[in-house]
Amino acid sequence: MKLRNLKQVEEDVHEVHCSRERSRAAWNIIDEYLMPFVEKEQYLISPTCRLHPDNDLYRDQEQHKFHVDVDEWRCGYCKKKFYEEKYLDKHFENRHYNLLNVSTGRCMADICGALHCDLMLEPMIRKTKCNPAAAARNRHLCESLANSCFPVNEGPSASRLHEFFLRQFCDAHTCTGKRKPLSKGRRKRTSMTYVTISILILMLLPLFYGFVYLYQRGIKRGAQELKRISQGGRKKKPY
């Protein structure tokens, strides 16, 4: 009985009430749909802002996650390899739990509603009936983020970002369907697939042109040989 209770205590100690998946989605949206515009304004987000990377419970672990190949993920702490990202996530929970700062209660997943995380997590799911109460709640959270992270009294850059945040994230929290979320653009990323294909094309192009050159050269040489034989046959005197 004591052993079972001890085991239960250990499991409770390692239990974190914060969705890693939704936290990851929230940060990806911030990084892709907000940070390019923040960087353009050269604006420094305050650490007290819930959008700041320091307020992501899993940020350090996510930064120590490396996608080496299609079916290979590597832990940046101990270099252990995994076939899928979900197994690396479980490894973080079991082996590197001590690297989480759980004392502050920070959880990016808590602001997912304001950031439209469901669009990234479940983009193909058919749109369900809009809940006015949920839309109003998410809009209120969204506007509070805009007010706390980009106070309009802190200068032109903060004022522009405040307006941008409202248009990019908050305006779509309505059941009218007139506003689309994340409509103001995103960070352009170069995918590993695109890079790999580009490298392969660059490697194969010389071979292709070499083959075409040799093929045309062979045709030309064959035509010349055929012409020479034909001319030689016409010059022969009949018996």
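Residues numbered from 1 in each chain as written. Predicted model: local features only at pLDDT ≥ 70, side-chain atom pairs only at ≥ 80, totals over all residues. Heavy atoms only, no water.

Labelled according to an unreviewed UniProt entry, the protein appears under the name C2H2-type domain-containing protein, originating from Citrus sinensis.

The next thing to look at is the overall build of the protein. Broken down by element type, the protein carries 10 helices and 3 strands. The linear arrangement of helices and strands in the protein, starting from the amino end, is α-α-α-α-β-β-β-α-α-α-α-α-α. Within the span of the protein, comprising 239 residues, buried residues form 30% of the whole. Contacts in the protein between residues at least 24 apart in sequence constitute 68% of all its contacts with a sequence separation of at least 6. For the protein, the accessible surface area stands at approximately 17500 Å², while carbon and sulfur atoms represent 56% of it. (Helix = DSSP H or I, 4+ residues; strand = E, 2+ residues; numbered from the N terminus. Buried < 20%, exposed > 50% of the residue type's maximum accessible area, 1.4 Å probe, protein only. Contact = heavy atoms within 4.5 Å. Areas by Shrake-Rupley, 256 points an atom, 1.4 Å probe, with all protein chains shown as cover.)

Evaluated as defined, the whole model comprises 5 aromatic pairs. Their ring planes at 45° and their centres at 6.0 Å tell us that F150 and F165 sit as a pair that is tilted. With F150 in the loop between α8 (132-149) and α9 (156-170) and F165 in helix α9, this pair connects stretches of sequence that are 15 residues apart. Residue class for F150 comes out buried when judged on its relative accessible area of 0%. The class of F165 is buried, set by a relative accessible area of 0%. Ring centres of F165 and F169 lie 4.7 Å apart, and the angle between their planes is 40°; this geometry places the pair in the tilted category. Here the residue F165 and the residue F169 both occupy positions in helix α9, the gap between them amounting to 4 residues, near one helical turn. (Phe/Tyr/Trp six-rings, centres within 6.5 Å; stacked < 30°, edge-to-face > 60°.)

This brings us to the pattern of salt bridges. Per the stated rule, a full pass over the model turns up 17 salt bridges. The closest approach of N and O atoms between R24 and E85, which form a salt bridge, is 3.5 Å. On the criterion of sequence distance, the pair formed by R24 in helix α2 (residues 20-33) and E85 in helix α5 (residues 85-95) is long-range, its members being 61 residues apart. Its relative accessible area of 17% is what places R24 among the buried residues. Among the charged side chains, a salt-bridge network with shared partners connects R20, R24, E62, K65, E85 and D89. (Salt bridge = Lys/Arg side-chain N within 4 Å of Asp/Glu carboxyl O.)

Below, the discussion takes up unusual backbone geometry. In this structure, H116 is a non-glycine residue whose phi angle is positive, near 65°. Looking at the secondary structure, you find H116 in the loop between α6 (112-115) and α7 (117-121). Its identity as a non-glycine residue notwithstanding, L182 has a phi of 60°, on the positive side. Tracing the backbone shows L182 in the loop between α9 and α10 (192-235). Residue L182 is classed as buried on the basis of its relative accessible area, which comes to 15%.

Before going further, it helps to spend a moment on the side chain of S23. Note that S23 resides in helix α2. Here S23 falls in the buried class, since its relative accessible area comes to 1%. In this structure the side chain of S23 is engaged in a polar contact, spanning 2.8 Å, whose partner is the backbone oxygen of S19. Ignoring any residue separated from it by four or fewer positions in sequence, one finds S23 in contact with C18, D56, Y58, C107, M108 and A109. (Polar contact = N/O pair within 3.5 Å; in protein donor to acceptor, adjacent residues only side chain to side chain.)

Per-residue confidence for the protein gives a mean pLDDT of 83, with 77% of residues at or over 70. Below a pLDDT of 50 lies the segment residues 1-13, which in the model reaches 1 contact outside its immediate sequence neighbourhood of four places, other chains included. (pLDDT = per-residue confidence, 0-100.)

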